[in-house]
Amino acid sequence: MMLHGFKSSKQDFTFGSWKVTAAKNHIMKSKDIERLADELNMPSLPEMLYGDNVLRIQHTDHYGIEFNAVDALKKVNNMEDTVKVACAQEWQESRAESEHAQEVLRPFDWTFTTDYRGTLLGEELQIKVTNTEERIDIEKLKAREHIMFFEEVLLFEDELHDHGVSMISVKIRVMPSSFFLLQRFFLRVDGVLIRINDTRIYYEDGKDYMLREFSTRENTITELKWDLSHWEKEARFSQAGKYEVVARQLTRIFLQHSTQIPMR
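What counts as what
Residues numbered from 1 in each chain as written. Predicted model: local features only at pLDDT ≥ 70, side-chain atom pairs only at ≥ 80, totals over all residues. Heavy atoms only, no water. Helix = DSSP H or I, 4+ residues; strand = E, 2+ residues; numbered from the N terminus. Buried < 20%, exposed > 50% of the residue type's maximum accessible area, 1.4 Å probe, protein only. Contact = heavy atoms within 4.5 Å. Areas by Shrake-Rupley, 256 points an atom, 1.4 Å probe, with all protein chains shown as cover. Pairing = 2+ DSSP bridges. Salt bridge = Lys/Arg side-chain N within 4 Å of Asp/Glu carboxyl O. Polar contact = N/O pair within 3.5 Å; in protein donor to acceptor, adjacent residues only side chain to side chain.

> Residues and numbers for the overall build of the protein chain, please.
For the protein chain, the helix and strand inventory stands at 6 helices and 13 strands. By the burial criterion, 47% of the 264 residues in the protein chain qualify as buried. Considering only contacts within the protein chain whose residues lie at least 6 apart along the sequence, 67% involve residues at least 24 apart. Carbon together with sulfur atoms contributes 49% to the accessible area of the protein chain, which is approximately 14,000 Å² in total.

Here it is in structure tokens:
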């Protein structure tokens, strides 16, 4: 839930010809959520939906890429229940009275899983996406370099009627030589599975392209072999920190796709 005293904020940071914008606002009002649910043809939307939150990277020539909750939800399967477990029916029944009470809830992905990779910006000029074998250089990211700007923006979160958590957030850090963005969709269905979809964007100063990588990882709870004592040690950290621990412990990578995003 939104903390008392929360104030909307907007931060801009300039990196060469690029401007990074991070906007944080209040949770959408119920009437706006219902209107959006109708537009997206979905019986229900996440409990905590930040429809006006955005993280944007835009060139002075107005092209770029941004990450927002509404476009992320457009990638959710609104016709099929992809995780068929006992709690799915209970979750839908819990929403029936409070949202669209007169509507018979049809199957849809109640976990809000999305493979959203960002929204391209620009009218006359727009980023061109091409496949590439080039990968983000992790060693460069490990180098100790001054972080000139950092921000994290939450797009949506839902506790799946106390049966887990579904959330998507995006964060960026800007260094003197580059910037790196990570958007993470994290899903935990208690006793069933953990799923993580990551989109990474890396831009190195002087290059005429960005690299964008997408990966999805998933495993059942029973197959995950984590050290519970290590988990307890990490529990003192934030929720985001816990998700980072789980991400490191996932053992199977089902898909990794890299694209090169030329700037000209």
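What follows picks up the thread again.
> Tell me about the pairing of strand β4 (residues 54-59), and please be specific about residues and values.
For strand β2 (residues 18-24) and β4, the ladder comprises 6 bridges, and the chain directions are antiparallel. The partner of Thr21 across the bridge, within β4, is Arg56. Of the pairings in the sheet, the one linking β4 to strand β5 (residues 64-68) comprises 5 bridges and is antiparallel in character. Of the residues in β5, the one forming a bridge with Leu55 is Phe67. Counting the residues that bridge the hairpin from β4 to β5 gives 4 residues, and of these His62 lies at a positive phi of roughly 80 degrees.

> A description of the pattern of salt bridges should follow, citing residues and the corresponding values.
Counted under the stated rule, the structure contains 14 salt bridges. Residue Lys75 pairs with Asp115 through a salt bridge whose shortest N-O separation is 4.0 Å. Of this pair, Lys75 sits in the loop between α2 (69-73) and α3 (86-96) while Asp115 sits in the loop between α3 and β6 (119-121), placing them 40 residues apart in sequence. Salt-bridge contacts for Arg184 lead to Asp198; the nearest nitrogen and oxygen are separated by 2.6 Å. With Arg184 in strand β10 (residues 178-189) and Asp198 in strand β11 (residues 193-204), this residue pair connects regions lying 14 residues apart in the sequence. Asp198 sits in the buried class, given a relative accessible area of 0%.

> Can you break down the side chain of Thr113 residue by residue, with the values?
Checked against the element boundaries, Thr113 lands in the loop between α3 and β6. Looking at Thr113, its side chain comes within polar contact range of the side chain of Thr111, at 2.9 Å. Side-chain polar atoms of Thr113 contact the side chain of Arg195, separated by 2.7 Å. Dropping the residues within four chain positions of it, Thr113 is found in contact with Lys75, Val76, Phe185, Leu187, Arg195 and Asn197.

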